[in-house]
Amino acid sequence: MQNKFLIEAFQTPDAVSQTLLPYFSRLSKDPYVDSDVRFRSYARFAIDTEGEIMRLPHKAFMQSSDVNRVVGDVERHFAPMDDGMVTLPEFAHLLRSFSAATGLEHTGGEVDVHQIRVTCSAQDTSAPAPEGIHQDGFRFVGIFCVQRQNIAGGFTQIFTSPVEQHPHLNTVLEPNQFVIIDDQRYYHHISETLSSESGQEGVRDVLVFTA
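On a predicted model such as this, the values are computed, not experimentally measured, just so you know.

Digging into the environment of glutamate 50
Counting through the fold element by element, glutamate 50 comes out in the loop between strand 3 (38–47) and strand 4 (53–55). On the basis of relative accessibility, which here comes to 67%, the residue glutamate 50 falls in the exposed class. Sequence separation of glutamate 50 and tyrosine 32 is 18 residues, and the distance between their C-alpha atoms is 37 Å.

Written out as structure tokens, the structure is:
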């Protein structure tokens, strides 16, 4: 008899986001969606049952149009993630936390990680999830918050269907909070953001894990 994974949320030590944050100011623009307000990098990893982490060769990222209505079936060539960041113990802690929560620590497997910054102003909203309520086409999806600065909105929302009107979960992820969901059971969305301070840029930094 075995339980089925659905949702897990937890808080990491404060040092995790503090250590990772400087690497977000170095991100390249996302050339595929809202490149003036979205910045992104990408990396792939293999985790074995002994807990060893190995970075895999960089390649293009693609999702089916069945799950991504905005840029589905498009080869997206994101900048590779900074070597300095992926060798940090704090980054390894997140990878191992994700693999422990999802059972990958017992089976081994590959994990994709997306490093994303979305900015906004007090006049113009930004869409952290331009594809709307969606699934990513994986078994598991994890969202780890590194920073929320001068941000209103940006609610992490989990739905049981793509047409549901009221989210099953509607919460703000604060720095060092990590939520992991069953991507085959649930749909997720991040609501639009505005800067909460007039004349100041709003910034939301996250790492997204998929396996």
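And the narrative resumes.
Observations concerning the sheet that holds strand 10 (residues 169–171)
With respect to topology, 3 strands assemble into an open sheet ordered 10-9-12, the strand pairing being antiparallel. Of all the strands in the sheet, the pair left with one neighbour each is strand 10 and strand 12 (187–190). Neighbour-to-neighbour, the strand axes of the sheet open up by a mean angle of 10°, direction not taken into account. Bridging between strand 9 (residues 156–159) and strand 10 involves 3 bridges; their strand directions are antiparallel. Across the sheet, residue glutamine 157 finds its bridge partner in strand 10, namely asparagine 170.

Observations regarding the pairing of strand 6 (residues 109–120)
Where burial is concerned, most of strand 6 is hidden: 10 out of the 12 residues are buried. Examined bridge by bridge, strand 6 and strand 14 (residues 202–210) share 9 bridges and lie antiparallel to one another. Along strand 14, the bridge assignment pairs glutamine 115 with leucine 207.

Observations concerning unusual backbone geometry
For asparagine 150, which is not glycine, the phi torsion reads 55° and is therefore positive. Relative accessible area serves as the criterion here: at 22%, asparagine 150 is assigned to the partly exposed category. We note that asparagine 176 has phi near 80°; this positive angle belongs to a residue other than glycine. Mapped onto the elements, asparagine 176 comes out in the loop between strand 10 and strand 11 (177–182).

Looking at the side chain of arginine 148
If you trace the backbone, arginine 148 turns up in strand 7 (residues 140–149). No salt bridge is formed by the buried arginine 148, whose closest oppositely charged neighbour, glutamate 174, lies at an N-O distance of 4.5 Å. Polar side-chain contacts of arginine 148 include one of 2.9 Å to the backbone oxygen of glycine 153. Within the structure, arginine 148 has its side chain in polar contact with the backbone oxygen of glycine 154 (distance 3.4 Å). Apart from residues no more than four positions distant in its own chain, arginine 148 is found in contact with Gly153, Gly154, Val172, Leu173, Glu174, Pro175, Val203 and Arg204.

Rules of the game
- Residues numbered from 1 in each chain as written.
- Predicted model: local features only at pLDDT ≥ 70, side-chain atom pairs only at ≥ 80, totals over all residues.
- Heavy atoms only, no water.
- Helix = DSSP H or I, 4+ residues; strand = E, 2+ residues; numbered from the N terminus.
- Buried < 20%, exposed > 50% of the residue type's maximum accessible area, 1.4 Å probe, protein only.
- Pairing = 2+ DSSP bridges.
- Axes fitted to C-alpha atoms, helices over the stretch in contact; angles between N-to-C directions.
- Lys, Arg positive; Asp, Glu negative; His and termini not counted.
- Salt bridge = Lys/Arg side-chain N within 4 Å of Asp/Glu carboxyl O.
- Polar contact = N/O pair within 3.5 Å; in protein donor to acceptor, adjacent residues only side chain to side chain.
- Contact = heavy atoms within 4.5 Å.

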